[in-house]
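# What the coordinates show
One letter stands for each residue in the lines below.
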Amino acid sequence: MLHLTDTRADIAQAVALLRAGELVAIPTETVYGLAALASKPDAVAKVFAAKGRPADHPLIVHLPSKSHLAHWAAQVPDVAWQLADAFWPGPLTMVLPAATHVSPLVNGGQATVAVRWADHPLLQAVLDELGEALVAPSANPFGRISPTSAPHILEHMAGRIPAVLDGGACRIGIESTIVDLSSPTPAILRPGQVSADALAPWLSVAAHAPANAPRVPGALAAHYAPRHRCYRLEAGELATLPSDWDWNHTALLAFGRPHAAAGWQRVLPADPAGYAQTLYATLHEADQSGCELILVEMPPDTPDWAAVRDRLGRASVGFAQYTA
Ligand code: TXA
Ligand code: MG
């Protein structure tokens, strides 16, 4: 796999590959995406093959600028323009009625399309050069943890894609907030750094997707999983582990402060943004620590931790399900 950097020649090479209908892993502020030209069904089809992703799972269209919204959405309600003004470029994806030209490969044959203008200088350089949108799901094999740096992609996508454009570690670290504006009741389909509270000045959103909500594979239970079994410990549960617990074969993601008995451990930050930024990288690291299982000490069940707890909830099972 080509490891491209921020030189002009490398950006030009990424653009050339994309124009030729090839895939390039690209940095965004949230996680790395696996990009293909949104206007080329052949290129979009390669994304599903490279990820091993079921074909009916829709993709997010990454726009070169706000004005492209009108090209991809059949109607853009006022509130969507207002949210674009407030949050773009940034970690907010909007689901809107799809324009008729949108390929069923892009939106899973639904009547809607997901769009976002992401915030990363290297991606922006590529989009400016292309002058058109890219589809970009997270650049992980289907069901695995999303990549937040180029080495994750070099390791997990080797042999599946021709190139990665290295933009350093992602600033936010978890995927964008997805808000559905296509139905009469707006809803957050996937929590992210842009919270329901942050959206409140423009719209009030249901915190959970209504039953008939569009498909979001991120909502599958077994999503974002590390390779090793991963258990979550809610407040107080760490203290209830048996005294002969095998810490030599356990990787612990401790919350806020280290655990005296632990072997391999990483202490995650006690603030939601700091935790999110390092979460996937730390899970990748734990997976490769030589452990047999991973324990995660959960952050509190409060609204400010909703996005982080959502991802941890999908990466792990409750400790009550532990079997030796
Ligand atoms: O932060 C992000 O959003 C990253 C970066 C690369 O931009 N992308 C990302 O893409 O997380 P992906 O494909 O891993 O997740 C996109 C989510 C999926 O859960 C998909 O089902 C949902 O967006 N989605 C896409 N189109 C949709 C639609 N029309 N209606 C509802 N959900 C949709
Ligand atoms: Mg994903």
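Relevant structure appears above.
As a starting point, this report considers the structure included with it. (Residues numbered from 1 in each chain as written. Chains lettered and ligands numbered in written order. Predicted model: local features only at pLDDT ≥ 70, side-chain atom pairs only at ≥ 80, totals over all residues. Heavy atoms only, no water.)

This part covers the sheet that holds strand β14 (residues 293–297). In space, the five strands of this open sheet follow the order β13-β12-β14-β11-β15, with parallel pairing throughout. Looking at the sheet topology across the chains shown, the edges are occupied by β13 (264–268) and β15 (317–318). Where strand β11 (residues 229–233) lies against β15, two bridges are found, and the strand directions are parallel. Each residue of the ladder has a partner; that of Tyr 231, found in β15, is Val 317. Each of β12 (250–255), β13 and β14 touches helix α9 (residues 272–287); the most contacted strand, β13, lies at about 175 degrees to it. (Pairing = 2+ DSSP bridges. Helix = DSSP H or I, 4+ residues; strand = E, 2+ residues; numbered from the N terminus. Contact = heavy atoms within 4.5 Å. Axes fitted to C-alpha atoms, helices over the stretch in contact; angles between N-to-C directions.)

The next subject is the nonpolar core. Counting 49 residues, the largest nonpolar core has Val 61, Trp 88, Leu 92, Met 94, Val 115, Val 135 and Leu 199 as its most contacted members. The set of elements that each furnish at least two residues to this core consists of β3 (33–37), α2 (41–51), α3 (69–72), α4 (78–87), β5 (92–97), β6 (112–116) and α7 (150–156). Top element by residues in this core is α2. It accounts for five residues. For Leu 92, the contacting residues outside a window of four places in its chain are Leu 83, Phe 87, Val 115, Arg 116, Ser 176, Thr 177, Val 179, Val 194 and Leu 199. (Core = buried A, V, L, I, M, F, W, Y, C linked by side-chain atoms within 4.5 Å. Buried < 20%, exposed > 50% of the residue type's maximum accessible area, 1.4 Å probe, protein only.)

Taking strand neighbours across the sheet as the criterion, the ten strands line up as β1-β8-β2-β3-β7-β4-β6-β5-β9-β10 in an open arrangement whose pairing is mixed. Each end of this open sheet is capped by a strand with a single partner; those strands are β1 (2–4) and β10 (187–190). As paired strands, β5 and β6 are joined by four bridges and run antiparallel to one another. Bridge pairing links Met 94 to Val 115 in β6.

With respect to burial, β3 is a largely interior element, five of its five residues being buried. Along β3, one buried face is formed by Gly 33, Ala 35 and Leu 37 and the opposite face, lined by Leu 34 and Ala 36, is buried too. What sits between strand β2 (residues 24–26) and β3 in their antiparallel hairpin is a turn of six residues. Bridge count between β3 and strand β7 (residues 134–135): two bridges; the pairing is antiparallel. Its bridge partner lying in β7, Leu 37 is registered against Leu 134.

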